[in-house]
Amino acid sequence: MAGGFGSAVLELLPITISSGSPSSAWGSPTIFVEHGTQGVLRKKYELDAAGILKHALAILSQAAEPKKVVWGTFN
C-alpha cells in the first residue's frame, strides 16, 4: 500500500493532529490482484464492512502512547 491514499493521509496527520493516538492504513495489497467482483475481492482483502470493523477494533484496542508534558518558559 506504499504511496497510496492512506499513506498520504498518515503523512499529513502529524502536521495537523498531535494526539499520539494510534493510527493505521490498509488497502489493496501491492501485488497483482486477480480479477473478480468487487464484493469477492473486498472480502478476500478485508476491505468489506466486516474487515474494516476488524481492523478498526484492533487499532482502537491499542494503548495510546503517553505524551511528554514540559512545563516551564520557552525562549
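Each residue is numbered by its place in its chain's sequence as written, counting from 1. For a predicted model such as this one, the threshold for reporting local features is a pLDDT of at least 70, and the threshold for listing and counting side-chain atom pairs is 80 or more; totals across whole chains, interfaces and linings nevertheless cover every residue. Excluding hydrogens and water, the side-chain values take into account all heavy atoms of the structure.

Engineer: So what exactly am I meant to see when it comes to the overall build of the protein chain here?
Structural biologist: Looking only at helices and strands, the protein chain features 3 helices and 0 strands. Only DSSP runs of H or I with at least four residues qualify as helices, and only runs of E with at least two residues qualify as strands; both kinds are numbered from the N terminus onward. Secondary structure elements in the protein chain, listed N-terminal to C-terminal, are α-α-α. Within the protein chain, buried positions represent 7% of all 75 residues. The contact rule is simple, with two residues in contact once any of their heavy atoms fall within 4.5 Å. A fraction of 48% describes how many contacts in the protein chain between residues 6 or more apart in sequence connect residues 24 or more apart. Accessible areas in this description were obtained via Shrake-Rupley with a 1.4 Å probe; residue shielding takes into account the shown protein chains only. Working note: accessible area of the protein chain is about 6,500 Å², and carbon and sulfur atoms make up 64% of it. Relative accessibility under 20% of the residue-type maximum defines a buried residue, over 50% an exposed one, and the middle range a partly exposed one, all with a 1.4 Å probe and only protein chains included.

Engineer: Please explain a nonpolar patch on the surface as it appears in this structure.
Structural biologist: A cluster of nonpolar residues, Leu53, Leu57 and Leu60, forms a patch on the protein surface that exposes about 340 Å² of accessible area. By secondary structure assignment, the location of leucine 60 is in helix α3 (residues 49–60). Distance thresholds for patches are 9 Å for like charges and 5 Å for nonpolar side chains (Val, Leu, Ile, Met, Phe, Trp, Tyr), applied to residues having over 30% relative accessible area and no salt bridge. Only one rule defines a salt bridge in this text: a Lys or Arg side-chain nitrogen within 4 Å of an Asp or Glu carboxyl oxygen.

Engineer: Explain the pattern of salt bridges to me, please; I cannot follow it from the model alone.
Structural biologist: Should their charged atoms come close, side chains of opposite charge can pair. Considering all chains together, one arrives at 2 salt bridges under this definition. Lysine 44 is paired through a salt bridge with glutamate 34; the nearest N and O atoms lie 2.7 Å apart. Taken together, the residues span a long stretch of sequence, with lysine 44 in helix α2 (residues 38–44) and glutamate 34 in the loop between α1 (5–16) and α2 at a distance of 10 residues. For the salt bridge of glutamate 46 with lysine 54, the shortest nitrogen-to-oxygen distance reads 2.7 Å.

Engineer: Even after reading the chapter, I still don't get the confidence of the model for the protein chain, so can you show me in this structure?
Structural biologist: Any residue range with low pLDDT should be treated as having predicted coordinates unsuitable for detailed reading. Of all residues in the protein chain, 56% have pLDDT values of 70 or greater, and the mean over the chain is 74. For every residue, the predictor assigns a confidence score, pLDDT, that lies between 0 and 100. The secondary structure element of the protein chain with the lowest average pLDDT is α1, at 67, and the one with the highest is α2, at 91.

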